[in-house]
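Spelled out, the chains give:
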Amino acid sequence: MTTTSIRPPSRSAGRPAGRSPSRSSSRLSQVNGIDWVLMGAVLALTVLGTLLVWSATSNREDLTGGDSSAYLGKQVMNVAIGLVLMVTVMATDHRWVRILTPLVYLASVVGLVLVLTMGSTINGSRSWLMVGGMSIQPSELAKLAVVVGMALVVAERADARWRTRVGTVDVLAMLGVAAVPATLIMLQPDLGTMLVLAATVFGVLAASGARRRWLVLLAGGGVAAAVAAVSAGALKAYQVDRFLAFTNPDLDPRGAGYNVEQARIAVGNGGLFGQGLFDGSQTRSGFVPEQHTDFVFTVAGEELGLVGAGLLIGLLVVVLWRALSIAAHTDDVFGRIAAAGIACWFGFQAFQNIGMCVGIMPVTGVPLPFVSYGGSSMFAGMLAVGLLQNIHLRAISAPAARMTPTPGVLVRS
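Here the structure is a predicted model, which is why all the values come from computation and not from measurement. (Residues numbered from 1 in each chain as written. Predicted model: local features only at pLDDT ≥ 70, side-chain atom pairs only at ≥ 80, totals over all residues. Heavy atoms only, no water.)

Peer 1: Which residues make up the overall build of the protein, and what values go with them?
Peer 2: Each helix and strand counted, the protein has 16 helices and five strands in total. Residues classed as buried in the protein amount to 45% of the 413 residues present. A separation threshold of at least 6 residues defines the contact pool for the protein, and within that pool the share at least 24 residues apart is 74%. (Helix = DSSP H or I, 4+ residues; strand = E, 2+ residues; numbered from the N terminus. Buried < 20%, exposed > 50% of the residue type's maximum accessible area, 1.4 Å probe, protein only. Contact = heavy atoms within 4.5 Å.)

Peer 1: Talk me through the sheet that holds strand β3 (residues 125–131); I want residue IDs and the actual numbers.
Peer 2: Spatially, β2-β3-β4 is the arrangement adopted by the three strands of the open sheet, whose pairing is antiparallel. Edge positions in the sheet fall to β2 (120–122) and β4 (134–136), since each of these pairs with one other strand and no more. Between one strand and the next, the sheet's axes are offset by a mean angle of 50 degrees, whatever the strand orientation. Where β2 and β3 come together, three bridges link them in antiparallel fashion. By the bridge assignment, S120 is partnered in β3 with W128. The strands touched by helix α5 (residues 94–118) within the sheet are β2 and β3, with β3 carrying the most contacts at an inclination of about 100 degrees. (Pairing = 2+ DSSP bridges. Axes fitted to C-alpha atoms, helices over the stretch in contact; angles between N-to-C directions.)

Peer 1: Tell me about the nonpolar core, and name the residues and values.
Peer 2: The nonpolar side chains of soluble globular proteins are, as a tendency, buried together. Ranked by size, the top nonpolar core spans 96 residues in total, and within it M150, L312, I342, L368 and L387 carry the most contacts. When residues in this core are grouped by element, the largest group, 14 residues, is from helix α15 (residues 333–358). Other than its neighbours up to four places away in sequence, L387 contacts V89, V97, L144, V148, A338 and I342. (Core = buried A, V, L, I, M, F, W, Y, C linked by side-chain atoms within 4.5 Å.)

Peer 1: Please give an account of the pattern of salt bridges that cites residues and values.
Peer 2: Counted by the stated rule, this structure contains five salt bridges. For R95, the salt bridge identified is with D93, shortest N-O distance 2.9 Å. The class for R95 is exposed, based on a relative accessible area of 59%. For D93, a relative accessible area of 33% corresponds to the partly exposed category. One salt-bridge network, held together by shared partners, links R98, E156 and D332. (Salt bridge = Lys/Arg side-chain N within 4 Å of Asp/Glu carboxyl O.)

Peer 1: Got a sec to walk through the environment of V317? Specific residues and values, please.
Peer 2: If you trace the backbone, V317 turns up in helix α14 (residues 305–328). Look at V317 and you get partly exposed, because its relative accessible area is 48%. In the structure, V317 is positioned 26 residues away from A343 in sequence and 9.9 Å away in space, judged by C-alpha atoms.

Peer 1: Summarise helix α2 (residues 36–57); cite the residues concerned and give the values.
Peer 2: The first and last C-alpha atoms of α2 sit 31 Å apart over 22 residues, in line with the 32 Å expected at 1.5 Å per residue. The N-cap residue of α2 is D35: its side-chain oxygen and the backbone nitrogen of V37 are 3.3 Å apart. (Expected span 1.5 Å × (residues − 1). Polar contact = N/O pair within 3.5 Å; in protein donor to acceptor, adjacent residues only side chain to side chain.)

Peer 1: How would you summarise the side chain of D332 if you had to cite specific residues and measurements?
Peer 2: Assignment of secondary structure puts D332 in the loop between α14 and α15. Accessibility expressed as a relative area gives 13% for D332, which makes it buried. Excluding anything up to four places from it in sequence, D332 contacts H94, R98 and R394.

Peer 1: Outline α15, supporting the account with residue identities and numerical values.
Peer 2: Taking 1.5 Å per residue as the helical rise, α15 with its 26 residues ought to reach 38 Å, and the 38 Å between its terminal C-alpha atoms agrees with that figure. Extensive coverage of α15 is indicated by the burial of 21 of its 26 residues. Downstream of α15 by one or two residues, G359 has phi in the positive range, about 90 degrees.

Peer 1: Give me the lowdown on a nonpolar patch on the surface, citing residues and values where you can.
Peer 2: Nonpolar side chains collect at one region of the surface, where W96, I99, L100, L103 and V104 lie side by side and expose about 480 Å² of accessible area between them. Along the chain, the position of W96 falls in helix α5. For W96, a relative accessible area of 49% gives the class partly exposed. (Patch = residues over 30% accessible without salt bridge, like charges linked within 9 Å, V, L, I, M, F, W, Y side chains within 5 Å. Areas by Shrake-Rupley, 256 points an atom, 1.4 Å probe, with all protein chains shown as cover.)

Peer 1: A description of the packing of aromatic side chains should follow, citing residues and the corresponding values.
Peer 2: Here the structure, examined in full by the defined rule, presents four aromatic pairs. When the ring of W54 is compared with that of F278, the centres are 5.1 Å apart and the planes differ by 85 degrees; the resulting orientation is edge-to-face. Here F278 lies in the loop between α11 (258–269) and α12 (281–285) and W54 lies in helix α2, a separation of 224 residues in the sequence. Since its relative accessible area comes to 23%, F278 is described here as partly exposed. Centre to centre, the rings of F346 and F370 are 5.3 Å apart; their planes meet at 75 degrees, and the pair counts as edge-to-face. Remark: F370 occurs in the loop between α15 and α16 (375–403) and F346 occurs in helix α15; sequence separation between them is 24 residues. The class of F370 is buried, set by a relative accessible area of 4%. Its guanidinium or amino end placed over the ring of Y71, K74 lies 4.7 Å from that ring's centre, counting from NZ or CZ. In this structure, R322 packs its charged tip against the face of W321, placed 4.6 Å from the ring centre. (Phe/Tyr/Trp six-rings, centres within 6.5 Å; stacked < 30°, edge-to-face > 60°. Lys NZ or Arg CZ within 6 Å of the ring centre and 35° of its normal.)

Peer 1: How would you sum up the side chain of N259? Please name residues and give values.
Peer 2: On the secondary structure map, N259 appears in helix α11. Judged by its relative accessible area of 18%, N259 falls in the buried class. Sequence-distant contacts of N259, defined by excluding residues within four places in its chain, comprise P289 and F295.

Have a look at this one:
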């Protein structure tokens with residue numbers, strides 16, 4: 001057996017004059033390592049969503065002030081800013097992602113506090129901050145903050161003790177991370193976001209390896225809290241009416257049941273291939289309220305039909321598949337839990353949004369990821385996709401890094 005020492009080559013050996021090739025090769029490998037399936041699905045959703053938003057608003061002078069392309073320009077700007085945020089997170093060093101996580105969490109909590117003190121009330125919920133001419137919904141960004149905050153709790157404890165078994169202290173710490181934003185969101189009150197957050201927290205706990213009894217207790221506690229909130233009158237009258245209309249849409253067809261009834265009519269009008277983009281009768285007549293935001297799926301159902309709506313759902317399924325795949329193929333605890341949490345967030349929110357458009361879920365007012373109009377939702381979703389890409393890039397580079405001999409290390413042969 002012989003022992004040789006691998007030493008780094010001379011700085012001048014084999015290097016042409018000029019720019020170092022290391023940076024360009026690193027950038028090339030990073031581009032080649034992008035999950036292009038995930039990227040393609042997200043871009044396709046944003047393009048399709050922008051067209052649907054344009055169709056839903058082009059004939060609404062009460063929204064556009066006579067400029068049929070007003071919301072088209074706004075949504076294109078939202079997508080552009082979101083893409084910049086996505087690329088920024090994707091290109092950030094993984095260590096900095098973990099370092100900045102507490103700051104992201106703190107910023108989201110501060111935003112939620114500011115909403116309660118100086119926010120604007122829209123549709124019965126004080127959920128918006130007016131910054132200049134732009135309205136921001138901090139609760140959308142809080143979803144990502146809770147996911148990465150909970151992931152960091154488990155990752156830090158796992159790194160400290162060299163094991164990944166989640167114990168009682170870990171579960172309580174994760175629930176504590178989620179409790180602060182959840183309480184502030186309920187005070188707005190924003191029931192839709194609260195439901196999405198609860199489902200996301202449940203998914204993160206499951207992905208982290210929490211014992212089954214904790215999941216059962218969390219589910220039971222959620223049901224008990226909902227019953228207590230209704231009994232104590234914590235929910236506003238319009239929120240209770242929405243749940244009653246969900247159980248029986250004919251109870252108040254001109255009031256709380258109006259949205260559900262009109263949404264189902266619009267989707268049913270589409271048939272197999274739809275009435276054609278910009279030609280939906282319900283859409284052009286403006287019968288469906290909030291059709292460019294919460295009920296944007298009804299535009300797809302009416303104008304693109306079952307085929308177009310199925311394509312939209314298929315693209316969302318691809319995003320969920322890639323997020324779960326990234327979670328399954330990374331050895332990093334933080335990355336695995338964060339990716340799984342993002343998948344739970346996107347999955348439940350999409351199900352809730354589409355479900356209320358077809359009458360199988362109560363109306364709670366949550367946007368369809370990457371499709372509905374709105375900057376806050378788009379920014380939060382794109383930041384999450386950037387994090388998924390960051391985790392994926394680290395996962396595929398880690399094996400290569402482990403197989404590459406370190407300069408100066410002895411290798412036996």
